Amino acid sequence: MKTREKRDVDVVVVGAGPNGLAAAITLQQAGLQVLLIEGKDTIGGGMRSASFTLPGFVHDVCSAVHPLAAASPFFQTLPLTSFGLEWLYPEIAAAHPFDNGMAAALYASVGETAAQAGKDTDAYNKLMQPLANKWDKLLPALLGPFDLSHAFTLSGFGLSALQSAYGLASRHFQTPVMRGLMAGMAAHCIQPLTNKATAAVALVLLLSGHGKGWPIPKGGSQQLANALAGYFQSLGGTIETGLMVQSLSQLPSSHAVLLDVTPQQLLRIAGHQLSPLYRWQLERYRYGMGVFKMDWAIEGAVPFVAEACRKAGTVHIGNTMEEITAAELQTWKGRHVDVPFVLLAQPGVCDASRAPEGRQSVWGYCHVPAGSARDMTEAVERQVERFAPGFRDQILDRHVMSALDMEQYNPNYIGGDIGGGVQDIGQLFTRPALRLSPYRTSAKGIYICSSSTPPGGGVHGMCGYYAAQRALKDVFL
């Protein structure tokens, strides 16, 4: 290591979400003294759980189902099961109901998923099986910064991934079943399905289902956060909660600071130390649509008509690809839609610990214009009822969070954007700014490690891991 002046700690990491925790662990593993600071009273960021409704019901505040966490190249190296984490796998990873009472389903097997597609069986196998065969090589390349050394590995994936999801589905599939399944996956990217590179999100989620699956942490997403924190502390790391950092002057002295924040907060916290060009780039960083989030305590299970939906941990509610595409485009244009795409999670299909016996906690959200304060309860519940008649009769209690509420809960969710900024073709490779290293800021020793850096949104910790690796090379090695 380089000779360095004495500081209070070696590194300060601000923000204890998945990326802040991953960065802190990586640095602590390297033998450094790391202080992890969290603004809220509890750690977790997008991995928190809470008792929003009735006693005995556990609800996930933001993320609920974790395909990328289970597949994360970094998280897989950690002994998280020794710190209380247990992954539970629903019988079906995800399902997509249609008005005719049928549903498309994402199974672990490419062949089983393809078999439900009729005329599209061969097309799905041809598209997905070659990618699934090399998923273990593809995943590390996808969950990292752009690197020319990955060009060959990504070549086959990139030809499909850089298309729009709407275009890819239209070219490959004829049936509403496969087109709808692809659309529901792509809607996770929180932008119009006609945007270039939206196919990448759909393909990654499908491949995750065929790889590690779409698991749920037993007892709530908070258990993943607690396991990461427990391992970090077992290495000697320190966590301080309840300090919402507004300025670098609030931090103890250190050789490096890693900030698990988006560009807007980075400008507020450290803007005076950043170069004019870098500030100019951050000021032009684009955020996306917000989410309107609901949690329900219900009697029994969600009464979906389609059997596959009753077995799936995640249900994509939006009917056809055309209907989903239209709804997402209108929302992107700043309009509230009466028939929104709804992403619903039902942990109770495999985790009985989330609610009293015979009851379930259910989670769901729809997309809304950025900064929306509108209550979308009626529209969301009407969509669920459309495919699960009688759902409203089973509701014992509900909790809602508008897009504005989401931002107040977590300052990283600007306008309710839970993805850390738009991940379209314009910001896919240049988030948060065009630089040789996306994790370095223009100020020496200050790094950004949030989902506003590659590989972007999702609970995988790779943004934090790569930012920490950059800091280790720049400052400590």
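Residues numbered from 1 in each chain as written. Predicted model: local features only at pLDDT ≥ 70, side-chain atom pairs only at ≥ 80, totals over all residues. Heavy atoms only, no water.

- For the protein chain, an unreviewed UniProt entry supplies the name Phytoene dehydrogenase-related protein and the organism Filimonas lacunae.

### Quick word on the sheet that holds strand β13 (residues 342-345)
Strand-to-strand pairing in sheets goes through backbone hydrogen bonds, with the strands running parallel or antiparallel.
Next up, step 1: Read across the sheet, 7 strands follow the order β7-β6-β12-β13-β14-β11-β15 without closing on themselves; strand pairing throughout is mixed. The sheet terminates laterally at β7 (103-106) and β15 (395-401), the two strands that pair on one side only. Neighbour to neighbour, the strand axes of the sheet diverge by 20 degrees on average, direction disregarded.
Next up, step 2: Sheet analysis places strand β6 (residues 92-97) next to β7, joined by 4 bridges and oriented antiparallel. Each bridged residue has a counterpart across the sheet, and for Pro97 the counterpart in β7 is Ala103. (Pairing = 2+ DSSP bridges. Helix = DSSP H or I, 4+ residues; strand = E, 2+ residues; numbered from the N terminus. Axes fitted to C-alpha atoms, helices over the stretch in contact; angles between N-to-C directions.)

### Regarding the domain arrangement of the protein chain
Next up, step 1: When the domains of the protein chain are assigned, the result is domain 1 (9-41 + 241-285 + 421-476) and domain 2 (87-216 + 289-409).
Next up, step 2: A separation of 29 Å is found between the C-alpha centroids of domain 1 and domain 2.
Next up, step 3: Facing 14 residues of domain 1, the contacting portion of domain 2 comprises 14 residues.
Next up, step 4: The contact between domain 1 and domain 2 buries some 1000 Å² in all, and 71% of this surface belongs to carbon and sulfur atoms.
Next up, step 5: Counting across the domain 1 and domain 2 interface gives 0 salt bridges.
Next up, step 6: For the pair domain 1 and domain 2, the interface holds 2 residue pairs in polar contact (both at pLDDT 80 or more).
Next up, step 7: The residue inventory of the side of domain 1 that touches domain 2, partitioned by class, reads 10 nonpolar, 2 polar and 2 charged. (Domains from an automatic or database assignment. Contact = heavy atoms within 4.5 Å. Buried area = accessible area lost by both parts, 1.4 Å probe. Salt bridge = Lys/Arg side-chain N within 4 Å of Asp/Glu carboxyl O. Polar contact = N/O pair within 3.5 Å; in protein donor to acceptor, adjacent residues only side chain to side chain. Nonpolar A, V, L, I, M, F, W, Y, C, P; charged D, E, K, R; others polar.)

### Comments concerning unusual backbone geometry
Residues apart from glycine generally show negative phi values, whereas peptide bonds are mostly found in trans.
Next up, step 1: Note the cis peptide between Arg431 and Pro432, where omega equals -5 degrees.
Next up, step 2: With respect to the helices, strands and loops of the structure, Pro432 is situated in the loop between α17 (403-409) and β16 (446-448).

### Structural notes on the packing of helix α1 (residues 18-29) against helix α10 (residues 222-234)
Next up, step 1: Between α1 and α10, the least distance of the axes is 10 Å, while the angle of their chain directions is 20 degrees. By the criterion of interaxial angle, the relationship of α1 to α10 is roughly parallel. Judged by the sense of rotation from one axis to the other, the crossing of α1 with α10 is left-handed. Contacts between α1 and α10 involve Leu21, Ala24, Ile25, Gln28 and Gln29 on the former and, on the latter, Ala225, Leu228, Ala229, Tyr231 and Phe232. (Parallel < 35°, antiparallel > 145°, perpendicular 65-115°, else oblique. Left-handed = near helix turned anticlockwise from the far one by under 90°.)

### Some points on the pattern of salt bridges
Next up, step 1: With the rule as written, the count across this model stands at 19 salt bridges.
Next up, step 2: Between Glu381 and Arg398 there is a salt bridge, with its nearest N and O atoms 2.7 Å apart. Placement of the pair is Glu381 in helix α15 (residues 377-387) and Arg398 in strand β15, with a sequence separation of 17 residues.
Next up, step 3: Assessed through its relative accessible area of 4%, Glu381 is described here as buried.
Next up, step 4: Overall, Arg398 belongs to the partly exposed group, its relative accessible area being 38%.
Next up, step 5: When salt bridges that share partners are traced, they join Glu378, Glu381, Arg382, Arg392 and Arg398 into one network. (Buried < 20%, exposed > 50% of the residue type's maximum accessible area, 1.4 Å probe, protein only.)

### Here we look at the sheet that holds strand β10 (residues 256-259)
Next up, step 1: Ordered in space as β9-β2-β1-β10-β16, the 5 strands form an open sheet in which the pairing is parallel. The sheet terminates laterally at β9 (238-241) and β16, the two strands that pair on one side only. Recorded for the sheet is a direction-independent mean angle of 20 degrees between the axes of neighbouring strands.
Next up, step 2: Bridging between strand β1 (residues 11-14) and β10 involves 4 bridges; their strand directions are parallel. Opposite Val14, over in β10, you have Leu259 as the bridge partner.
Next up, step 3: Contacts from α10 reach β2 (34-38) and β9 within the one sheet, and its direction differs from that of β9 by about 130 degrees.

### Remarks on the packing of aromatic side chains
Next up, step 1: Counted according to the given criterion, the structure contains 9 aromatic pairs.
Next up, step 2: Here Trp296 and Phe391 contribute two aromatic rings whose centre-to-centre distance is 5.3 Å and whose plane-to-plane angle is 85 degrees, an arrangement assigned as edge-to-face. Of this pair, Trp296 sits in strand β11 (residues 290-299) while Phe391 sits in helix α16 (residues 391-394), placing them 95 residues apart in sequence. Taken as a pair, Trp296 and Phe391 share a single burial class, namely buried. (Phe/Tyr/Trp six-rings, centres within 6.5 Å; stacked < 30°, edge-to-face > 60°.)

### So, a nonpolar patch on the surface
Next up, step 1: A cluster of nonpolar side chains, Phe146, Leu162, Ile425 and Phe429, forms an exposed patch at the surface whose accessible area comes to about 420 Å².
Next up, step 2: Tracing the backbone through its elements, the reader meets Leu162 in the loop between α6 (151-161) and α7 (165-172). (Patch = residues over 30% accessible without salt bridge, like charges linked within 9 Å, V, L, I, M, F, W, Y side chains within 5 Å. Areas by Shrake-Rupley, 256 points an atom, 1.4 Å probe, with all protein chains shown as cover.)

### Thoughts on the packing of helix α8 (residues 176-186) against helix α14 (residues 321-332)
Next up, step 1: Relative orientation of the contacting elements α8 and α14 amounts to 25 degrees, with a least axis distance of 8 Å. If you check the angle between α8 and α14, you find them roughly parallel. Within the contact between the two elements, α8 uses Arg179, Gly180, Ala183 and Gly184 and α14 uses Met321, Glu322 and Ile324.
Next up, step 2: When its residues are assigned to classes, the contact of α8 with α14 shows 3 nonpolar, 2 polar and 2 charged.

### Some words on α1
Next up, step 1: In a regular helix each residue adds 1.5 Å, so 12 residues correspond to 16 Å; α1 covers 16 Å between its end C-alpha atoms and thus fits that length.
Next up, step 2: With 11 of its 12 residues buried, α1 lies for the most part within the structure.
Next up, step 3: Buried residues of α1: Pro18, Asn19, Gly20, Leu21, Ala22, Ala23, Ala24, Ile25, Thr26, Leu27 and Gln28, and no others.
Next up, step 4: Downstream of α1 by a residue or two, Gly31 has a phi angle that is positive, lying close to 90 degrees. (Expected span 1.5 Å × (residues − 1).)

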